[in-house]
Amino acid sequence: LFAYTTSSTISDNNITENQIANNTVGIYVDHSSNNKVEKNLIEKNSLWGIRLYGTLSQHNFIEYNTIEENGYGVYMFVSENNVIHHNNFINNTIQAYVEPVIPVPYNTWNAAYPDGGNYWSDYPDKDLLSGLSQNINGSDGIGDKPYTIAQNNIDHYPLMNQTTLPNDQQIYPSNPFLAAIAIFFVAMTVSSVLFLILRQKTKTVEPEEDAKAHEKE
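Heads up: these notes are all about the structure in this document.

About the cut-offs
- Residues numbered from 1 in each chain as written.
- Predicted model: local features only at pLDDT ≥ 70, side-chain atom pairs only at ≥ 80, totals over all residues.
- Heavy atoms only, no water.
- Helix = DSSP H or I, 4+ residues; strand = E, 2+ residues; numbered from the N terminus.
- Buried < 20%, exposed > 50% of the residue type's maximum accessible area, 1.4 Å probe, protein only.
- Contact = heavy atoms within 4.5 Å.
- Areas by Shrake-Rupley, 256 points an atom, 1.4 Å probe, with all protein chains shown as cover.
- Pairing = 2+ DSSP bridges.
- Phe/Tyr/Trp six-rings, centres within 6.5 Å; stacked < 30°, edge-to-face > 60°.

It is worth spelling out the overall build of the chain at this point. For the chain, the helix and strand inventory stands at one helix and 17 strands. Residues classed as buried in the chain amount to 40% of the 217 residues present. Expressed as a percentage of contacts within the chain between residues at least 6 apart in sequence, the contacts between residues at least 24 apart total 58%. On the chain, roughly 12,600 Å² of surface is accessible, and the fraction owed to carbon and sulfur atoms is 55%.

Set out below in structure tokens:
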């Protein structure tokens, strides 16, 4: 929850471990600006995955999150000038919703071409074209038609594949079982190396002790 704050950051969190999954609300940004919500797994919250509320909720960045199987993936009420891109919206009941107040607040849902916008699991169109205006033959990993959330809220460059973190950075395990196995093998490897080092030191000490014993004789 952000409420009446500025310049705060939610970053590098595993939402399940932080007990924000399987709740009513995942992350609630209330009258708060210049915050960053990034690199989170936000899933299975019954009402909102992320909610931005109030006219003061401006200039927030929401990026590199996986927002999955929530009631609303992102819900906005009179919040504007926020930037939302490079997120994975997967199988939310409503992927994203902007309350239809008048005038409808403007928010940015994509980065510049060719970086693109967000991945939407329900995106219905194809990728046969490329270019800034998507009018050049050849695919580019970006959908040929925009994904519309609401008036003044359009992802002009929807991604055809799920987005990954910069430099393939992984901040939460996609499979906890495999992660546990990996940790086990790392621990075993470190233990083996330490054992060999200690064994080598023992072998080095033994000849020195034998030599001293012969000198005394």
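What follows concerns the pairing of strand S6 (residues 48-53). Both faces of the sheet carry side chains from a regular strand, because those side chains alternate between them. With five of six residues buried, S6 is to be regarded as a mostly interior element. Sheet analysis places strand S3 (residues 25-30) next to S6, joined by five bridges and oriented parallel. The residue bridging Tyr28 from the neighbouring strand is Arg51, located in S6. Where S6 meets strand S9 (residues 72-77), five bridges bridge the pair, whose relative direction is parallel. In the sheet register, Arg51 faces S9, and the bridge partner there is Tyr75.

Here we come to unusual backbone geometry. For the peptide bond that leads from Ile102 to Pro103, omega is -5°, which places it in the cis range. Relative to the assigned elements, Pro103 resides in the loop between strand S12 (94-98) and strand S13 (119-120). Between Tyr113 and Pro114 the backbone carries a cis peptide bond, its omega angle lying at 5°. When you line up the elements, Pro114 lands in the loop between S12 and S13. In this structure, Asn34 is a non-glycine residue whose phi angle is positive, near 55°. Relative to the elements of secondary structure, Asn34 occurs in the loop between S3 and strand S4 (36-38). Its relative accessible area of 41% is what places Asn34 among the partly exposed residues. One non-glycine residue, His59, lies in positive phi territory at about 55°. Using a relative accessible area of 40% as the deciding quantity, one classes His59 as partly exposed.

All right, on to the packing of aromatic side chains then. As enumerated under the stated definition, the model contains 11 aromatic pairs in all. Ring geometry for Tyr75 and Tyr97: centres 5.5 Å apart, planes at 25°, overall stacked. Of this pair, Tyr75 sits in strand S9 while Tyr97 sits in strand S12; the two residues are 22 residues apart in sequence, bridging distant segments of the chain. The interplanar angle of 50° and the centroid separation of 6.5 Å between the aromatic rings of Phe89 and Trp109 together place this pair among those described as tilted. Taken together, the residues span a long stretch of sequence, with Phe89 in strand S11 (residues 88-90) and Trp109 in the loop between S12 and S13 at a distance of 20 residues. Exposure class is identical for Phe89 and Trp109. Each is buried. Each residue in the set Tyr28, Trp48, Tyr72, Tyr75 and Tyr97 is aromatic and connected to the rest through ring pairs, giving one cluster.

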